[in-house]
Amino acid sequence: MRVSRDQAAQNRARIIEIAGQQFREKGFDGIGVADVMKSAGLTHGGFYGHFSSKDDLIAEACEAAMALSVRRWTSLSEGAPDDALGAITQSYLAGDAHGEGQMSGCMMAALAPDIARRGGPVRSRFTEGTKALLGILVNAVTGRTKARQREKAIAIMAGLVGTVVLARAVDDPEFAKEIKRVGEAVFGRDVE
């Protein structure tokens, strides 16, 4: 049965959304195309009508997840112009969004090592998204020069991602909370 162009576009968006969630939860190699399609309520055979390969889907899922993060950080920054860094940091490290098994957490913290082992469009889309997020952080920090602001923003981004990676990796919930609390205290304030 043929589907309309609108339905095909909705199906594609759904596949990308589901794949992004499942990739963040299980890694790129932990979930297959058939499982993604099943979770999206579609048949495996329809996959290649939407994507040329699994790597094509991975690239699309990375781009979509990073674009969502850019929209979120932009909104946080605009909503707290006097403390954009604090708002971004608090939101990034808050709650259970980065808890074990969560499918909506940060693409960087969940998949950066997997992305580093991929080539082409996957790494390119991840790089573009990372640079866009960095641009938001650059505007959220002070510095004597733009170069200094960029250095600070890179250090903060690396620190935030590292905080989430460590908090996810430990098996002691109280220790994970402590890691996130210290990460927020260290990276959530702008000091020269």
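Residues numbered from 1 in each chain as written. Predicted model: local features only at pLDDT ≥ 70, side-chain atom pairs only at ≥ 80, totals over all residues. Heavy atoms only, no water.

Helices and strands together make up the secondary structure of the chain, namely 8 helices and 0 strands. Helices (α) and strands (β) of the chain occur, in sequence order from the N terminus, as α-α-α-α-α-α-α-α. For the chain, the C-alpha radius of gyration of 18 Å lies close to 16 Å, the compact-globule estimate for 192 residues. Principal-axis analysis of the C-alpha atoms places the extent of the chain at approximately 60 × 40 × 30 Å. Taking the contacts inside the chain whose residues are at least 6 apart along the sequence as the reference set, 63% of them involve residues at least 24 apart. Surface exposure of the chain reaches about 10,600 Å², of which carbon and sulfur atoms provide 52%. When the 25 positive and 24 negative side-chain charges of the chain are each reduced to one mean point, those points stand 4 Å apart. (Helix = DSSP H or I, 4+ residues; strand = E, 2+ residues; numbered from the N terminus. Rg over C-alpha atoms; globule rule 2.2 N^0.38 Å. Contact = heavy atoms within 4.5 Å. Areas by Shrake-Rupley, 256 points an atom, 1.4 Å probe, with all protein chains shown as cover. Lys, Arg positive; Asp, Glu negative; His and termini not counted. Charge placed at Lys NZ, Arg CZ, Asp CG, Glu CD.)

Here we take up helix H3 (residues 54–79). Here H3 spans 37 Å end to end across 26 residues, near enough to the 38 Å set by a 1.5 Å rise per residue. Those residues of H3 lying buried are Leu57, Ile58, Ala59, Glu60, Ala61, Cys62, Ala65, Met66, Ser69, Trp73 and Ser77. (Expected span 1.5 Å × (residues − 1). Buried < 20%, exposed > 50% of the residue type's maximum accessible area, 1.4 Å probe, protein only.)

All right, on to the UniProt feature "DNA-binding region" (unreviewed entry) in the chain then. Those places that UniProt annotates as "DNA-binding region" (unreviewed entry) correspond, in this numbering, to residues 32–51. This span, residues 32–51, is 35% helix and 0% strand, and a straight line between its end C-alpha atoms measures 14 Å. (UniProt positions renumbered as here; feature names shortened; annotations may be inferred.)

This paragraph deals with the pattern of salt bridges. In this structure the tally under the stated criterion is 9 salt bridges. Of the charged contacts in the structure, one is a salt bridge between Arg125 and Glu63, with a shortest N-O distance of 3.4 Å. Here Arg125, found in helix H6 (residues 120–140), pairs with Glu63, found in helix H3; they are 62 residues apart in sequence, far enough to count as distant. Under the relative-accessibility criterion, Glu63 is labelled partly exposed at 35%. A salt bridge links Lys177 to Glu174, with the nearest nitrogen and oxygen atoms 3.5 Å apart. (Salt bridge = Lys/Arg side-chain N within 4 Å of Asp/Glu carboxyl O.)

Another aspect to go through is helix H4 (residues 84–93). With 8 of 10 residues buried, H4 is to be regarded as a mostly interior element. Within the span of H4, buried status applies to Ala84, Leu85, Gly86, Ala87, Ile88, Thr89, Tyr92 and Leu93. On its buried face, H4 sits against H3, helix H5 (107–116), H6, helix H7 (146–169) and helix H8 (173–187).

Looking now at the environment of Met37. For Met37, the location among the structural elements is in helix H2 (residues 33–39). Sequence-distant contacts of Met37, defined by excluding residues within four places in its chain, comprise Ile15, Leu42, Thr43, His44, Gly46 and Phe47.

Under the feature "transmembrane region" (unreviewed entry), the UniProt entry names residues 153–170. Annotation note: span residues 153–170, helix share 94%, strand share 0%, distance between end C-alpha atoms 26 Å.

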